[in-house]
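Structural description and commentary
Okay, here's what each chain looks like letter by letter:
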Amino acid sequence: QDYNVTIAAGHPPVFRWVKMISDVFVPTVTEQVEAAGRSISFSEQYGGSLAKVGEELEAVEAGLAEIGTCQALFDPAKLAVQNVTYYTPFTTSDLGKVSTIIDDMHANLPAMTEAYGENGVVYLGAPIVIDDYLLMTNFPVNSLADLDGRKVAAPGAAINWLSGTGAVGVSGNLTTYYNELKTGVYDGVIVFASAALPGKLFEVAPFITKAGLGAQYAGSLCANEAWYDSLPQEAKDALAAGADAAQAWYVDQLEAAVTASLTAMGEAGATIQDAPDGMREAWAAGMDNAAREWADSLDAQGKPASEVLTNYMTAMRDAGATPLRNWDTE
Amino acid sequence: MTPFDIGLLSLLAMGVAVMAGMFVPIALMVCSFVGVWAIKGSPVLASKLLALAANDAISSYFFGVVPLFVLMGFIVSEAGFGRDAFDVANAAFRRLKGGLGVGTVGANAIFAAITGISIASAAVFTKIAVPQMIRHGYTPRFATGVVAGSSVLGMMIPPSLLLILFGILAEQSIGDLFIAGIGPGLLLAIFFSLGIVAMAIFTPRFVGSPDEADIPSLPRSELLKKALPIASLIILVLGGIYAGIFTPVEAGAMGAIGALVLGFAMGRLTLKSLWTVLVETGLVTATVCFLIIAAQMYSRMLALSGVPAGLGSLATDAELGYWGIILIYCAIVIAMGMILDSSSIMLILVPLMLPVVIPMNIDLIWFGIITVLAVEIGLLTPPFGISVYVIKATLDDPNITLGDIFKGAAPFALIMLLVLGLVLAFPAIATGLLR
Amino acid sequence: MSDTTTPQREPLPLRLLDGITQGLNVAGSTLILLLMTLVGIDVAGRNLAGNPISGVPELVTLSIVAIVFLQIPAALRQGRMTQSDAFIGWLTRTYPTIGNLLATLFDLIAIAVIWVILRETWPIFTRAWDRGEFVGAVGDFAAPVWPVKLILILGGSVLILQFAARIWRRYR
Ligand code: NA
Ligand code: NA
């Protein structure tokens with residue numbers, strides 16, 4: 001073989017962002033490389049067999065894998081500015097828009113790729129985008145006041161979204177939501193539709209409120225820098241083509257999954273509604289500007305978070321999004 | 001040599017090193033280091049793999065609560081609640097040949113309702129049951145074997161950290177998995193008990209010559225007094241979980257606090273004994289987690305060698321039909337159980353198998369129970385058998401060798417195999433309570 | 001440990017090493033107690049006061065690594081580290097010189113492999129320190145990771161010394 005490539009992902013292949021690697025990225029790259037008269041073999045190490053979730057970046061940096069899913073969401077110290085979307089809720093529910101803009105920013109904004117270089121990796125593409133976060137509860141929600149005193153679980157930085165709602169934000173994890181909701185450890189969760197359906201969360205939290213908290217960016221494919229630099233241009237082009245194909249496939253699949261998930265959950269008896277009048281606005285207005293705090297604290301560490309924040313919000317507004325809060329200018 | 005050959009060779013090297021007397025975690029680490037070096041051709045890469053695993057392998061909430069479950073177990077033991085449960089169980093089985101052994105299984109089944117891991121069960125009953133059984137004429141080999149065998153109940157009877165892990169990997173309801181674990185757990189306890197009585201009658205040289213005539217029968221009031229503390233702990237832990245007050249993962253800490261309060265309130269604990277318990281908890285936790293770190297280094301090296309993927313595709317590519325795939329899957333899980341720790345096996349194999357078994361429309365709850373049962377056999381099999389290692393670490397007696405404990409545990413591994421077969425043949429044992 | 005139990009007082013470096021080992025052991029045990037308390041307060045806060053402690057899962061996650069590396073030197077010292085000693089025990093009884101050589105070889109291998117881990121952990125530690133790496137999320141809860149890396153290096157170093165002490169004691 002001309003190229004031997006190990007790919008690491010902490011999640012198992014049931015996750016769409018892992019499936020996109022084995023179903024689209026690997027075949028596309030293989031095809032391109034072979035078209036150029038070369039051969040390539042992949043060793044696909046998913047589900048934590050080589051690196052756990054959040055450890056992929058380290059494994060790629062060390063060279064244990066050539067390519068991996070660099071999970072900014074689970075590695076917020078190393079890929080700090082990449083978490084911009086989680087600090088700017090109520091910006092857009094359009095996951096395709098997030099995918100395009102984040103990919104563009106990686107291509108055009110040095111501030112965005114700086115962190116990769118610091119960690120000895122390069123950005124390949126195929127952003128892992130998460131569909132619009134929903135509020136799912138085991139009680140009906142007619143106004144923001146209904147959340148008062150309720151225990152609501154949210155992942156990582158998204159727990160900031162509960163500030164000002166009166167809800168008790170509990171740091172939670174997608175994997176145990178079902179059980180915790182069933183026994184009543186939480187009364188609700190902030191979660192996305194494409195995971196809520198397979199996780200059967202509608203059985204235990206049948207009131208689904210679409211508040212437009214927003215689609216998010218969680219990570220992307222990255223490659224070991226020294227290895228990538230040693231590749232001839234044709235191989236780099238093949239990787240880029242693979243990442244582009246994976247990105248297109250992922251966005252299509254995810255958009256279809258969101259529609260299908262909401263339909264299926266509705267048919268299964270869940271009550272799905274847009275947030276009642278005024279609730280969205282009241283929610284957004286009452287929230288702390290965590291984006292400011294986040295950007296300032298990263299700026300102080302020499303990480304260009306304010307630049308990324310401004311660029312992201314500007315790009316979103318230019319692309320027609322109507323954020324409820326202008327996190328960058330407040 | 002291909003990476004696959006290196007992987008296979010490393011299995012042999014690990015076995016030899018362990019047999020020759022190298023510390024097991026060190027043997028695993030050295031084999032991982034040399035293996036990655038040989039596969040990737042770089043000692044630097046090999047040392048990076050070791051360092052990353054040392055830093056990250058057990059760095060999870062899931063492993064973080066292990067010492068809390070062990071602590072709860074040791075407080076229960078130190079405060080004499082475990083001993084009480086053991087006495088109650090013995091009073092019930094005192095007329096049986098092998099009654100103490102059956103009592104150990106019964107007490108372990110009770111204790112399983114408050115612990116989420118087998119490590120805690122093995123450690124606690126090593127302290128409580130092994131000295132008693134030896135004093136009453138059982139061979140050390142058999143006494144430790146009974147404890148090793150019945151410790152697996154800790155993971156089958158809810159709560160169970162392994163069932164939680166499966167639920168996470170397969171996106172199945174943890175509550176359903178817990179309920180499905182009850183039937184096979186009780187069946188295991190019954191078969192262990194039958195096996196113990198049978199061995200006491202038919203293989204006296206293996207079991208020893210138990211003399212249990214002097215075990216007193218307990219009057220009803222005494223029975224109640226001894227049963228009450230442990231019963232209230234069970235109510236606290238299970239009640240707390242099912243009432244949504246805390247999560248099964250938090251149950252270790254809550255159970256430890258409950259046992260602590262109860263122990264001090266009943267005057268069964270002192271600050272000094274609490275400190276002894278804490279130090280002991282630390283030593284057992286460190287020993288076991290250090291092993292798990294080493295095992296995960298080893299499993300990452302194996303992943304790079306392609307051996308697990310090769311075994312996996314053996315199961316998935318072989319056109320064997322439904323039963324062929326399920327049986328070969330169980331065989332591979334059991335084989336991997338000889339050399340890897342429980343969570344590594346599940347992390348490697350479950351995601352590999354799900355895409356194969358989901359189209360076959362199998363009941364994933366049942367599949368989870370099968371998986372955990374097969375994985376747990378590995379707790380008892382050499383060269384890497386965590387339950388046996390925990391007993392050795394807790395026993396702290398140079399006269400009882402690892403080999404003795406492995407031999408003592410062997411019949412129980414066979415009984416588990418039998419129960420696995422029954423759950424395979426009659427899925428209702430697991431899923432009956434759900435339908 | 002009193003002198004009446006050991007026929008011959010051990011040299012100062014060995015006693016010092018055992019003292020340090022025991023100190024780490026105490027620290028690790030205390031950490032376990034703190035974890036228990038932390039989870040307890042979190043559960044109580046969440047249910048009774050509507051006010052959970054932020055970052056408990058993260059703290060539990062960080063602590064386990066610290067607990068293990070604080071206690072593993074003591075586990076080795078007290079003969080708890082897992083070993084199948086049937087063969088080497090027999091060898092040492094029958095051919096003491098060869099048995100001791102083999103045991104020493106195993107100890108040297110252990111020193112080497114722990115050293116390899118520590119050497120590669122050092123840059124992980126310095127980077128975590130320099131860059132202020134943390135777990136958690138800005139705005140909610142964040143805890144630095146460098147203390148755990150430092151404890152890993154500290155515990156690992158004492159573990160290496162305990163392996164060396166085994167060799168010393170063997171030939172003393
Ligand atoms: Na249990
Ligand atoms: Na085993």
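The structure under discussion appears in the preceding block.
As a starting point, this report considers the structure included with it. Computed from a predicted model, the values in this text were never measured in an experiment. Chains are numbered independently. Their residues run from 1 in the order of the written sequence. Key to labels: chains lettered from A, ligands numbered from 1, both in the order written. With pLDDT at 70 or above as the cut-off, local features in this predicted model cover only qualifying residues; side-chain atom pairs require 80 or more to be listed or tallied, and sums for whole chains, interfaces and linings still use all residues. As a rule here, side-chain values cover all heavy atoms of the structure and leave hydrogens and water aside.

As a further point, take the interface of chain C and chain B. Listed as interface residues are 54 residues of chain C and, on the opposing side, 62 residues of chain B. Summed over both partners, buried area is the accessible surface (1.4 Å probe) that two parts give up on being assembled. For the pairing of chain C and chain B, the buried interface totals around 4,900 Å² over both sides, and the portion due to carbon and sulfur atoms is 74%. The largest per-residue losses of area from chain C upon contact with chain B belong to Met36(C), Arg80(C) and Thr82(C), which jointly make up 16% of the total buried on that side. Salt bridges are defined by distance alone: a side-chain nitrogen of Lys or Arg within 4 Å of a carboxyl oxygen of Asp or Glu. Applying the counting rule to chain C against chain B returns two salt bridges. Here Glu280(B) and Arg80(C) are joined by a salt bridge, their closest N and O atoms 3.2 Å apart. Each helix is a run of H or I in the DSSP string that is no shorter than four residues. Each strand is a run of E no shorter than two, and both are numbered from the N terminus. The set of elements that each furnish at least two residues to the side of chain C that touches chain B consists of α1 (12-49), α2 (56-77), α3 (86-94), α4 (96-130) and α5 (146-171) of chain C. If you tally residues by element for the side of chain C that touches chain B, the top one is α1(C), at 14 residues. The residue makeup of the side of chain C that touches chain B, split by class, is 33 nonpolar, twelve polar and nine charged. In what follows, residue pairs with any heavy atoms lying within 4.5 Å of each other are defined as contacts. Side-chain classes follow a simple rule in which Ala, Val, Leu, Ile, Met, Phe, Trp, Tyr, Cys and Pro form the nonpolar group, Asp, Glu, Lys and Arg form the charged group, and the remainder, Gly included, forms the polar group.

Once that is clear, we can look at the state of the cysteines. One way to say it: the disulfide is the covalent bond shared by the sulfur atoms of two cysteines. Residue and element names in this part refer to chain A. Any two cysteine sulfur atoms lying within 2.5 Å of each other are counted as a disulfide. By the definition in use, this model includes one disulfide over all chains. Two residues share a disulfide in this structure: Cys70 and Cys222, whose sulfurs sit 1.8 Å from each other. Its S-S torsion of about 55° marks the bond between Cys70 and Cys222 as right-handed, since a negative value means left-handed. You can see Cys70 sitting in strand β3 (residues 67-70) and its partner Cys222 sitting in strand β10 (residues 216-224), a full 152 residues away along the chain. Each of the two residues, Cys70 as well as Cys222, counts as buried. Under the scheme applied here, a residue whose accessible area is under 20% of the maximum for its type counts as buried, over 50% as exposed, and between as partly exposed, the area being computed with a 1.4 Å probe on protein chains only.

This part covers the sheet that holds strand β7 (residues 168-171) of chain A. Residues and elements named next belong to chain A. One open sheet accounts for six strands, arranged β7-β6-β8-β5-β9-β11; its pairing is mixed. What marks the edges here is a single partner per strand, and that holds for β7 and β11 (271-274). Shown here is a sheet whose adjacent strand axes are inclined to one another by a mean of 30°, direction ignored. Two strands pair under a simple rule: DSSP has to find at least two bridges between them. Relative to strand β8 (residues 188-192), strand β5 (residues 133-137) runs antiparallel, the two sharing five bridges. Paired with Met136 across the two strands is Val189, which belongs to β8. Lines are fitted to the C-alpha atoms to define the axes, a helix being fitted only along its stretch in contact, and any angle between axes, read from their N-to-C directions, falls within 0 to 180 degrees.

Now for helix α19 (residues 342-357) of chain B. A maximum bend of about 35° is found in α19(B) at Val350(B), where proline Pro351(B) lies one to four positions downstream. Burial runs high along α19(B): 13 of the 16 residues are buried. Bend is the name given here to the angle between axes fitted to two runs of seven residues, the run ending at a residue and the run starting at it.

In this section: helix α7 (residues 99-112) of chain B. Over its 14 residues, α7(B) extends 20 Å from the first C-alpha to the last, a length consistent with the 20 Å expected when each residue adds 1.5 Å. Along α7(B), 13 of the 14 residues are buried, which leaves the element largely enclosed by surrounding structure. To estimate the expected span of a helix, subtract one from its residue number and multiply by 1.5 Å.

Turning next to the coordination of the sodium ion (ligand 2). Residue and element names in this part refer to chain B. Around the sodium ion (ligand 2), the protein contributes the donor atoms Gly337 (O), Gly378 (O), Thr381 (O), Thr381 (OG1) and Phe384 (O), which lie 2.2 to 2.7 Å from the metal centre. Each donor residue of the sodium ion (ligand 2) belongs to the same chain, with the gaps between them written as G-x40-G-x2-T-x2-F. Accessibility expressed as a relative area gives 6% for Gly378, which makes it buried. In this structure Thr381 comes out as buried when scored by relative accessible area, which is 11%. Coordination shells were defined by N, O and S atoms within 2.8 Å of each metal, extended to 3.2 Å for Na, K and Ca; water is absent from the atom set, which can make sites look incomplete.

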